[in-house]
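Descriptive structure summary
This is what each chain is made of:
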Amino acid sequence: MAIGSLLLVVGKTHALQDPTRPPGPQTTVAKPAPERALALDSILFSKDRRVAVIEGEALREGQGFDNVRVIRIFANRVLVTDNGRERVLYLERLPQVRGTQ
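First, a word on what this report is: a plain description of the structure on this page. For clarity, every value in this text was computed on a predicted model and none was experimentally measured.

On a plain count of helices and strands, the protein comes out with 1 helix and 7 strands. Secondary structure elements of the protein occur, N-terminal to C-terminal, as α-β-β-β-β-β-β-β. Considering only contacts in the protein between residues 6 or more positions apart, those separated by 24 or more positions represent 30%. Carbon and sulfur atoms form 55% of the exposed surface of the protein, whose accessible area is close to 8,800 Å².

Following this line, the structure appears as structure tokens:
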């Protein structure tokens, strides 16, 4: 009986996996989704109102769409989470316009 219970315990320990063991060839590791391009179209920033237009969507802090959520709006950038990852979006620089003489 002691041998039978020992075999049951040994059999159960084989079913457990060591979490510190590196993945073997039979284990597939999920690759993170590639970072998608998000266009920051404009920022409306004042002491009373902060709105960021991302991909044509006007959003305030805390709002979101398509797994993108606005965390904080600054005068020159917007902090968002995209599928759980934090990202900073910047406005694209406009081309310099030369004045006439």
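Next comes the rest of the description.
Core analysis: the largest hydrophobic core is formed by 12 residues, namely L38, L40, I43, A52, I54, L59, V68, V70, I73, V78, V80 and L89. For this core, the secondary-structure elements that each account for two or more residues are strand 1 (40–45), strand 2 (50–54), strand 5 (68–73) and strand 6 (77–82). Looking at this core, the element that brings in the most residues is strand 5, giving 3 residues.

On to the side chain of R87, then. Tracing the chain through its elements places R87 in strand 7 (residues 85–90). A relative accessible area of 12% places R87 in the buried class. In contact with R87, not counting residues within four places along its chain, are E35, R36, L38, V78, L79, V80 and D82.

Calculation notes
- Residues numbered from 1 in each chain as written.
- Predicted model: local features only at pLDDT ≥ 70, side-chain atom pairs only at ≥ 80, totals over all residues.
- Heavy atoms only, no water.
- Helix = DSSP H or I, 4+ residues; strand = E, 2+ residues; numbered from the N terminus.
- Contact = heavy atoms within 4.5 Å.
- Areas by Shrake-Rupley, 256 points an atom, 1.4 Å probe, with all protein chains shown as cover.
- Core = buried A, V, L, I, M, F, W, Y, C linked by side-chain atoms within 4.5 Å.
- Buried < 20%, exposed > 50% of the residue type's maximum accessible area, 1.4 Å probe, protein only.

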